[in-house]
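Geometric and topological summary
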Amino acid sequence: MKATLTPTLTLSLAMWRGFLREKMAIFFVLLFPLMFLVLFGGIFSDQGQSKGTLIEVGEVPMLAELSKPARTALEDAYEIEHSGDLAAALDQVQAGDVDGAVEQHGDEVVVHFSEADQVAAATLRGTISALVQGANVASTGEPPRYSLVSQQVEDESLQTIQYVTPGLLGWAIAMSATFGAAMTLVEWRRNKLLRRLRLAPISTGSLVSARILVSVGTALLQLVVFVGLATAAFGLKLTGAWPMAVPLLICGTLSFMAIGLLAGAVSKTSEGASGLANLVILPMAFLSGSFIPLDASPQWLQTVSRVLPLRYLNEGMLDVMVRGQGAAAALLPMLVLLGFALVIGVVATRLFRWEAD
Amino acid sequence: MGEAVIEVSDLRKTYGTVHAVDGVSFDVRPGEFFGILGPNGAGKTTTLELIEGLRESDGGSVQLLGQRPWPRNQALLRRIGVQLQASSFFDRLTAREQIHTFAHLYGVPAAAGDAMLEQVGLTDKASTRTEKLSGGQLQRLSLACTLVHDPEVVFLDEPTAALDPQARRNLWDLLGTLNDSGRTVILTTHYMDEAEALCDRVAIMDRGQVLALDTPAALTRGLDAATQLSVVPGGLEPSDAAAIPGVEDCEYDGESLRLSTRQPARVLAALAERDALDGLQVRGASLEDVFLTLTGREYRA
C-alpha cells in the first residue's frame, strides 16, 4: 500500500468531501433538477388523458344510435352533458367551459365549436366527423371496405418521461459541471488557496485532472439518481445503446467545465461567476431542448441550437437512452462536445489568472 | 556560516509607476531567523513573493538554495514552506483533513500531519472544520500545513496580522522554536516588537528599499535615542521630577510619570534617593526609534 495519494487523487478527495458537505450544492446538482423531473414526468404525463366536455342539445339520434365500440370511444374522450337550451349551451362554448355543442335537425348534425382552442376544436370536429362517417357507412348495411389500425412509431409505451429524462439530465449535468469549475476557480483564487497550491510541488495538470474527476463523478451520480427515480417512479424504459450515455456524459462534462473555467477566469467574485454561468446555461437549456422537445420548436430555434453544446448532449442522450439508437449515434455528439471543450478550454486558458490582482 | 540560503541582489519590481521593490540586496544565512520589517506598502510582501518564485522580477537576481525560483521550480518548491497572509484552506474540511491533504500533496505520510497537529497544539481540534476555528487556531493550522514536509526554508508573511495580543504572544512561542533544528526562517512583519522578539537579523524596509540591516540590538545600539522611564509618582511632584539633572522631558498623565533621558543611570539614582521607584518600567531604544531616525517619520504600522 502506498503511504501517500497522488496529488490528483488528494485534490479530488478534498474537493469531493467539500462538495458533499455543502447542502446548497447538493440541492442545485440533484434536488433542483429532480423537482423538474417530477413536475414534467408526474404532471404533464396525464395531459393526454384529460377529458373534454360536449353538450348534447335536445335529442341527437345519431349519437344514440352509435355502435357500442364507437360509443365507448366517444365517452372516453368526452363527458356528455344534456341541455335543452341552445343559447345557454353556445354561451358555454364561447366561454371555453365546454369543447362544443351538438344538435341534430333531421339528417343534419350540427356541431358548434370555438376556435379559441384550435387543437380542441380540430379534435372535436374530427371526432364528430368520424362518427357521422361511421353512421353513414352503418346505414348502408354494407361492411366497411377499409379498416384503420394506428401504431406509434416509438416504443408503444413512450410517455412524457421518456422525453424529459435525457433533456433534464443534460441540463443538470451542464449546470453542475459549469458551476463546479467556475466556483472552484473563483473561490480558490479569492481565498488564495490557488496561490498556496502554486507553491506546492504539484503540476497544473494534477489540479485540472482533479476537477475533471470530481465533475465526472458528480455527473455519474446525477445519471444514477435521475434514471433510478424516473424508472422507479415514472416508468422510464431505457432502450438502445443506453450505456453510451456514460461516455457521452463525460464529453458533455468536459465541454461545460470549459465554459465554467471561462466564466471563472473572467469573473472576480463568486457572485459574478454564478451570474455569468446562469446567464449562459439557462437560455441554453431552453434553446437546446432540455425543457421543450426540439422537434416541436420552430426552424430558427433548431438552427440556433446547432451552435450550443447542450443540444448535442441532449440529442445524443435521447438517441441512445430512449430512441433505441445504437452506439454509433453517440459518436458524432461526443466529437462535437469534445470540440467545444477544446476550443472553449483554449480560450479559458488564455484568460486564466492565478491571482486576483 | 556556510553559503547563504537566500541571496538577493539589486532586486527590482515595478507595478506601473510604483517601484514596489527598488534595488534590494541581502543574504540570509543557514539557520537564521531573518526578518523584513516595515510599514504596509513598504515592499516586504513583494520581496518575499519574488524570492518564493510567485512573481518574476524586473531586474536583479534571486538565488534560493542555490537555484533560481523563477520560472516555477517544482524541485525547489518541495524544499520550502510558505505560509500566506490569508488562511488558505479547502472548503468544509476538518483540521485533520486539511493537513492530511497538504501532507499528501508533498508526498509525506498522513502520520506526519498528525504529529504536526500535535506540535502546534491542535490535536483536540482535529475533527473541527476550519470554518469553526478561531483566528489563532487557523494560523497554527496554517503553520502546521507549511511545516508538514519539514522544509529547509520557511517563509512567513505577516503570520500574526489580525490576531489579538494574547494569540500573537502564543504564536510567537511557537514561531521561536522554528529554527531550533537549523531551519532557516524568513518573516515579514509590520510589528516592531515581533521583529525584536523573534529575529536574529532584521532588514528595515521603506518605499521599496532596505534602509538598514543588522541584529535588533546593533540597530538600536547605534542610536542616540532616549531611554524611557516610567514610575508611579507617589510623593514626587512632576515639577520636581522635571528638575532632576539629565531628564530631558517629563509627562504626567494622572497615573504614571514618564521621563525621557540619555543618562538613565543618573536619573535612576536620583529617583532612588527620593524613594520614587514604585512601578518602575524602563524601555530602551526600540526599532521604532530606528525607523524614526532612518526615515524622519513616526513609525505607523
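The shown structure was predicted, so the numbers you read here are calculated from the model rather than taken from an experiment.

**Focus: the overall build of chain B**
Helix and strand counts for chain B come out as eleven helices and 13 strands. With the principal axes as the frame, chain B shows a C-alpha extent of 70 × 45 × 40 Å. For chain B, the residues scored as buried account for 42% of the 301 residues in total. Counting only contacts in chain B whose residues sit at least 6 apart along the sequence, the fraction spanning at least 24 positions is 66%.

**Quick notes on the overall build of chain A**
What chain A contains, in helices and strands, is 14 helices and four strands. Compactness check: chain A gives a C-alpha radius of gyration of 28 Å against a globular reference of 21 Å for 357 residues, more than 25% above the reference. For chain A, the spread of C-alpha atoms along the principal axes amounts to about 95 × 40 × 35 Å. Here chain A holds 357 residues, and 36% of them are scored as buried. Considering only contacts within chain A whose residues lie at least 6 apart along the sequence, 78% involve residues at least 24 apart.

**Considerations on the interface of chain B and chain A**
Contacts between the two partners involve 22 residues from chain B, matched on the other side by 20 residues from chain A. Elements that contribute at least two residues to the side of chain B that touches chain A include exactly helix 2 (74-77) and helix 3 (95-105) of chain B. Top element by residues in the side of chain B that touches chain A is helix 3 of chain B. It accounts for four residues. Each residue belonging to the side of chain B that touches chain A can be placed in one class, and the counts come to twelve nonpolar, five polar and five charged.

**Side note on the environment of Thr218(A)**
All names here are of chain A. Relative to the helices and strands, Thr-218 resides in helix 9 (residues 204-234). Taking the C-alpha atoms as reference, Thr-218 lies 13 Å from Leu-13; in sequence the two are 205 residues apart. Ignoring any residue separated from it by four or fewer positions in sequence, one finds Thr-218 in contact with Val-29, Ser-176 and Gly-180.

**Re the packing of helix 3 of chain B against helix 5 (residues 135-147) of chain B**
Residue and element names in this part refer to chain B. Two elements in contact, helix 3 and helix 5, have axes separated by 9 Å at closest approach and are oriented at 25°. It follows from the interaxial angle that helix 3 and helix 5 lie roughly parallel. When you trace helix 3 past helix 5, the crossing you get is right-handed. For the pair formed by helix 3 and helix 5, the contact residues are Ala-95, Gln-98, Ile-99 and Phe-102 on the first element and Leu-141, Ala-144 and Cys-145 on the second. Partitioned by chemical class, the residues of the contact of helix 3 with helix 5 number six nonpolar, one polar and no charged.

**Notes on the pairing of strand 11 (residues 247-252) of chain B**
All names here are of chain B. As judged from the five bridges shared by strand 11 and strand 12 (residues 257-261), these two strands associate in the antiparallel manner. Paired with Tyr-252 across the bridge in strand 12 is Leu-257. As consecutive antiparallel partners, strand 11 and strand 12 are separated by four residues, and within that stretch Gly-254 has a phi angle of approximately 95°, a positive value.

**Let's talk about the environment of Leu13(A)**
Within the secondary structure, Leu13(A) is located in helix 1 (residues 7-20). Sequence separation between Leu13(A) and Val214(A) is 201 residues, and the spatial gap between their C-alpha atoms is 8.2 Å.

**Things to note about the packing of helix 9 of chain A against helix 10 (residues 245-266) of chain A**
Residues and elements named next belong to chain A. Between helix 9 and helix 10, whose axes approach to 9 Å, the crossing angle comes to 130°. Considering their axes alone, helix 9 and helix 10 lie oblique with respect to each other. Judged by the sense of rotation from one axis to the other, the crossing of helix 9 with helix 10 is right-handed. For the pair formed by helix 9 and helix 10, the contact residues are Arg-211, Ile-212, Ser-215, Val-216, Ala-219 and Leu-223 on the first element and Ala-245, Leu-249, Ile-250, Thr-253 and Met-257 on the second.

**What to know about the confidence of the model for chain B**
When pLDDT is averaged along chain B, the result is 89; 98% of the residues meet or exceed 70. Overall fold confidence for the complex sits at a pTM of 0.77, while the interface term, ipTM, reaches 0.82.

**Things to note about the nonpolar core**
Counting 138 residues, the largest nonpolar core has Ala174(A), Ala182(A), Leu248(A), Ala258(A), Ile99(B), Ala144(B) and Val148(B) as its most contacted members. By size, the runner-up hydrophobic cluster in this structure holds 14 residues, among which are Val93(A), Ala101(A), Leu124(A) and Ile128(A).

**Quick look at the pairing of strand 7 (residues 184-189) of chain B**
All names here are of chain B. With six of six residues buried, strand 7 is to be regarded as a mostly interior element. Taking every second residue as pointing to the same face, both faces of strand 7 are buried, with Thr-184, Ile-186 and Thr-188 on one and Val-185, Leu-187 and Thr-189 on the other. Looking at chain direction, strand 3 (residues 33-37) and strand 7 are connected through five bridges and run parallel. Looking at strand 7, one finds that Ile-36 is bridged to Thr-188. Relative to strand 7, strand 6 (residues 153-157) runs parallel, the two sharing five bridges. Residue pairing for strand 7: Asp-157 is matched across the bridge by Thr-188. In this fold, the crossover linking strand 6 to strand 7 by way of helix 6 (residues 165-176) has right-handed handedness.

**Regarding the sheet that holds strand 4 (residues 108-113) of chain A**
The strands that make up a sheet are held in pairs by hydrogen bonds between backbone atoms, and each pair lies either parallel or antiparallel. Residue and element names in this part refer to chain A. The strand order across the open sheet formed by four strands is 2-1-3-4, and the pairing between neighbours is mixed. Only two strands of the sheet have a single neighbouring strand rather than two, namely strand 2 (78-83) and strand 4. Strand-to-strand twist across the sheet, computed as the mean angle between neighbouring axes with direction ignored, equals 25°. One ladder, built from six bridges, connects strand 3 (residues 100-105) with strand 4; its direction is antiparallel. Its bridge partner lying in strand 4, Glu-103 is registered against Val-110. Sitting on the sheet, helix 5 (residues 86-95) touches strand 1 (52-57), strand 2, strand 3 and strand 4, and the angle it makes with strand 3 is about 150°.

**What about helix 11 (residues 270-287) of chain A?**
The α-helix advances 3.6 residues per turn, and as a result positions three or four apart in sequence lie on the same side. All names here are of chain A. When the terminal C-alpha atoms of helix 11 are compared, their 26 Å separation across 18 residues agrees well with the 26 Å that a helix rising 1.5 Å per residue should span. Of all the positions in helix 11, only Ala-273, Ala-277, Val-280, Ile-281, Met-284, Ala-285 and Leu-287 are classed as buried. Tucked inside the fold, the buried residues of helix 11 contact helix 7 (160-190), helix 10, helix 12 (299-305) and helix 13 (309-321). Looking at the residues trailing helix 11, positive phi occurs at Gly-289, about 80°.

Reading guide: rules and limits
- Residues numbered from 1 in each chain as written.
- Chains lettered and ligands numbered in written order.
- Predicted model: local features only at pLDDT ≥ 70, side-chain atom pairs only at ≥ 80, totals over all residues.
- Helix = DSSP H or I, 4+ residues; strand = E, 2+ residues; numbered from the N terminus.
- Buried ≥ 20, exposed ≤ 12 C-beta atoms within 10 Å, placed from the backbone.
- Contact = placed C-beta atoms within 7 Å.
- Rg over C-alpha atoms; globule rule 2.2 N^0.38 Å.
- Nonpolar A, V, L, I, M, F, W, Y, C, P; charged D, E, K, R; others polar.
- Axes fitted to C-alpha atoms, helices over the stretch in contact; angles between N-to-C directions.
- Parallel < 35°, antiparallel > 145°, perpendicular 65-115°, else oblique.
- Left-handed = near helix turned anticlockwise from the far one by under 90°.
- Pairing = 2+ DSSP bridges.
- pLDDT = per-residue confidence, 0-100.
- Core = buried A, V, L, I, M, F, W, Y, C linked by C-beta atoms within 7 Å.
- Right-handed = clockwise from strand over helix to strand, strands pointing away.
- Expected span 1.5 Å × (residues − 1).

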